[in-house]
Amino acid sequence: MIDNWNMLGHEWAVDMLRQHAARGEARHAYLFCGPPGLGRRTLALHLAQALNCPNPIAPGVPCGTCRDCKQIEAMQHPDMNVIQAETEGGTLKVDQVREVQRAMSLKPYQSKYRVALFLRFQEANDNAANALLKTLEEAPAHAILLLTADTPEQLLPTIVSRCEILRMRPLPVKAIESYLLDHGVDEERARLLAHISGGRPGYARSLVDDVTVLEKREEYLNDLQTLIPAPRVEKFSYAEKLSKDKDAMRQTFLIWLSYWRDVMLRVAGAETPLINVDRNMEIEFLAGRLDLPTARRVVSDLESALEKMERNVNSRLLTEVLLLDWPKA
């Protein structure tokens with residue numbers, strides 16, 4: 001493993017965490033924040049390796065090849081608990097946190113630290129969040145808690161205040177493009193995928209590895225184009241169909257959000273690179289027919305809809321209201 005823990009970008013975060021591991025100054029809790037696909041989980045796992053690798057190749061640099069490193073990478077280490085909601089956009093429950101509390105109280109089985117990795121902790125319900133707070137306050141010295149979330153603002157301030165926060169940012173599009181070129185992706189496709197990824201290395205890799213991700217994106221964006229001028233009855237019909245699959249609904253909203261943000265940036269005359277660069281012509285056309293307050297409202301409505309989804313509101317009604325409020329551009 002190289003000095004940057006084989007991470008693409010986030011050098012400042014790796015450097016800080018490497019020093020914590022090397023000096024034996026690990027915090028008892030870390031919160032990795034940023035949009036999905038950015039490398040939050042990967043960075044957390046590399047920290048767990050750095051803390052528990054018995055054969056580091058340098059201080060704070062895990063070997064990546066020993067049994068401990070391999071088990072942590074596969075999230076199957078005997079001293080590691082991985083806790084998340086059953087499905088993305090689901091609910092992380094209090095029983096899951098209590099189970100970890102019991103595990104954390106035990107001495108490590110084969111390593112220096114017991115590690116609990118809470119993925120997408122913004123999906124925790126109130127009881128689960130309060131249970132974790134108790135764990136944070138009473139964590140034994142051998143316990144390290146690692147949390148990932150989209151933003152710290154989604155969590156209880158009392159939890160955030162007890163964690164070392166790492167706010168991870170998207171990488172420059174050019175950095176993702178270079179990475180894809182180095183891994184054998186042809187030039188035109190690398191450029192497109194780098195833009196679509198929005199600077200998120202994990203998402204870029206999933207676009208390369210799984211062709212269905214791109215196909216679904218194409219489908220969601222084609223639906224968006226059809227829905228903008230569609231009559232109410234078509235919008236109601238689409239809302240009914242989409243609301244039956246919560247995961248697909250969430251992914252659809254995320255793709256739509258990236259598109260409407262592109263539109264808003266073009267309306268505003270911003271120089272920011274488009275994410276949906278392959279839809280440049282239609283984005284420019286739509287932007288030319290809207291004012292900035294309207295474009296900003298659509299973006300805000302989609303952000304709000306994604307938040308409400310996590311609070312289990314009526315999915316069909318949520319989608320209907322969203323679509324009916326779209327401008328007839």
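Caption draft 1: Spotlight on the overall build of the chain. Of the regular secondary structure elements, the chain holds 15 helices and 5 strands. Overall, the C-alpha framework of the chain stretches about 65 × 45 × 30 Å when taken along its three principal axes. Considering the chain as a whole, with its 329 residues, one finds that 49% of them fall into the buried category. Taking the intrachain contacts of the chain between residues at least 6 apart in sequence as the baseline, contacts between residues at least 24 apart amount to 71%. Summed over its atoms, the accessible surface of the chain is roughly 15,900 Å², and 49% of this surface lies on carbon and sulfur atoms. Of the charged side chains in the chain, 41 are positive and 45 negative; the average position of the first set lies 4 Å away from that of the second.

Caption draft 2: Region of the structure containing the sheet that holds strand β3 (residues 114–118). Judged by pairing direction, the sheet is parallel, and its 5 strands sit side by side in the order β2-β3-β4-β1-β5 without closing on themselves. Taken across any chain shown, the strands that pair with only one partner, and hence form the sheet edges, are β2 (80–83) and β5 (164–167). Direction aside, the axes of adjacent strands within the sheet are offset by 15 degrees on average. In this sheet, β5 lies alongside strand β1 (residues 29–33) in parallel orientation, the contact comprising 4 bridges. Bridged to Leu31 within β5 is Ile165.

Caption draft 3: How the structure looks around the packing of helix α1 (residues 11–23) against helix α2 (residues 40–52). Axis separation between α1 and α2 bottoms out at 9 Å; the angle between their running directions is 25 degrees. Here α2 runs roughly parallel to α1, going by the angle between their axes. As for how α1 packs across α2, the hand of that crossing is right-handed. Here α1 contributes Ala13, Val14, Leu17 and Ala21 to the contact with α2, which in turn contributes Leu43, Leu47, Ala50 and Leu51. The residue inventory of the contact of α1 with α2, partitioned by class, reads 8 nonpolar, no polar and no charged.

Caption draft 4: Here's a closer look at unusual backbone geometry. The phi torsion at His10 lies on the positive side, around 60 degrees, for a residue other than glycine. The backbone of Arg120 sits at a positive phi, close to 50 degrees, despite the residue not being glycine.

Caption draft 5: Quick look at helix α7 (residues 173–182). For α7, the set of buried residues is Ile176, Glu177, Tyr179 and Leu180. Down the axis of α7, the buried side of the element spans an arc of 160 degrees, and every buried residue falls inside it. For α7, the exposed residues lying more than 90 degrees away from the buried face are Lys174 and Asp182. Close packing links the buried residues of α7 with α8 (187–197) and α9 (201–209). Remark: Gly184 follows α7 within two positions and exhibits a positive phi of approximately 85 degrees.

Caption draft 6: Summary view of the pairing of β1. Burial analysis of β1 places 5 of its 5 residues in the buried class, which makes it a mostly covered element. Side chains of β1 alternate between two faces, with Ala29, Leu31 and Cys33 and Tyr30 and Phe32 buried alike. Pairing of β1 with strand β4 (residues 143–149) involves 5 bridges; the strand directions are parallel. What sits directly across from Leu31, in β4, is Leu147.

Caption draft 7: A look at the nonpolar core. Formed by 46 residues in total, the largest nonpolar core has its most connected members in Leu180, Phe253, Trp256, Trp260, Val263, Leu302 and Trp326. For this core, the element with the highest residue contribution is helix α12 (residues 246–267), accounting for 10 residues. Among the nonpolar cores identified, the runner-up in size contains 27 residues, and Cys33, Leu136, Ala143 and Val160 belong to it.

Caption draft 8: A look at the packing of aromatic side chains. In total, this model carries 7 aromatic pairs according to the counting rule given. When the centroid spacing of 6.5 Å and the interplanar angle of 80 degrees are considered together, the rings of Tyr259 and Trp260 count as edge-to-face. One exposure class covers both Tyr259 and Trp260, and it is buried. Ring geometry for Trp260 versus Trp326: centroids 5.5 Å apart, planes at 55 degrees, classification tilted. With Trp260 in helix α12 and Trp326 in the segment after α15 (315–324), this residue pair connects regions lying 66 residues apart in the sequence. The class of Trp260 is buried, set by a relative accessible area of 0%. Residue Trp326 is classed as buried on the basis of its relative accessible area, which comes to 4%. Grouped by ring-pair contacts, the aromatic residues Tyr238, Phe253, Trp256, Tyr259, Trp260 and Trp326 constitute a single cluster.

Caption draft 9: Fine view of the packing of α8 against α9. Closest axis-to-axis distance for the α8/α9 pair is 8 Å, and the angle between their directions is 135 degrees. By the angle class used here, α8 and α9 are oblique. Between α8 and α9 lies a crossing of right-handed hand. Residues Arg189, Leu193, Ile196 and Ser197 of α8 form the contact with α9, whose participating residues are Tyr203, Ala204, Leu207 and Val208.

Conventions and cut-offs
- The residue numbers shown here count from 1 along each chain, following its written sequence.
- The predicted origin of the model limits local features to residues at a pLDDT of at least 70 and limits the giving and counting of side-chain atom pairs to 80 or more, whereas totals for whole chains, interfaces and linings rest on all residues.
- Hydrogens and water are ignored here; the side-chain numbers use all heavy atoms of the structure.
- Strands here mean DSSP runs of E at least two residues long; helices mean DSSP runs of H or I at least four residues long; both are numbered from the N terminus.
- The rule is simple: take the accessible area with a 1.4 Å probe, protein chains only, and divide by the maximum for that residue type; under 20% is buried, over 50% is exposed, in between is partly exposed.
- Contacts are assigned to residue pairs that have any heavy atoms within 4.5 Å of one another.
- Note on areas: Shrake-Rupley with a 1.4 Å probe; residue coverage comes only from the protein chains shown.
- Counted as positive: Lys and Arg. Counted as negative: Asp and Glu, with His and the chain ends omitted from the count.
- Just so you know, the charge point we use is NZ for Lys, CZ for Arg, CG for Asp and CD for Glu.
- Think of it this way: DSSP has to see at least two bridges between two strands before they count as a pair.
- The convention used is that axes are lines fitted to C-alpha atoms, helices contributing only their stretch in contact, and that angles between N-to-C directions extend from 0 to 180 degrees.
- Throughout this description, any angle smaller than 35 degrees is read as roughly parallel, any larger than 145 degrees as roughly antiparallel, any in the 65 to 115 degree range as roughly perpendicular, and the remainder as oblique.
- For any helix crossing, the convention is left-handed if the near helix is rotated counterclockwise from the far helix by under a right angle, and right-handed if that rotation is clockwise.
- Each residue gets one of three labels, nonpolar for Ala, Val, Leu, Ile, Met, Phe, Trp, Tyr, Cys and Pro, charged for Asp, Glu, Lys and Arg, and polar for the others, Gly among them.
- The directions from the helix axis to the C-beta atoms are what the arc is built from.
- Residues grouped as a nonpolar core are buried Ala, Val, Leu, Ile, Met, Phe, Trp, Tyr and Cys residues, joined through side-chain atoms within 4.5 Å.
- Pairing of aromatic rings covers Phe, Tyr and Trp, the last through its six-membered ring, and needs centres within 6.5 Å; plane angles under 30 degrees mean stacked, over 60 mean edge-to-face, and all others mean tilted.

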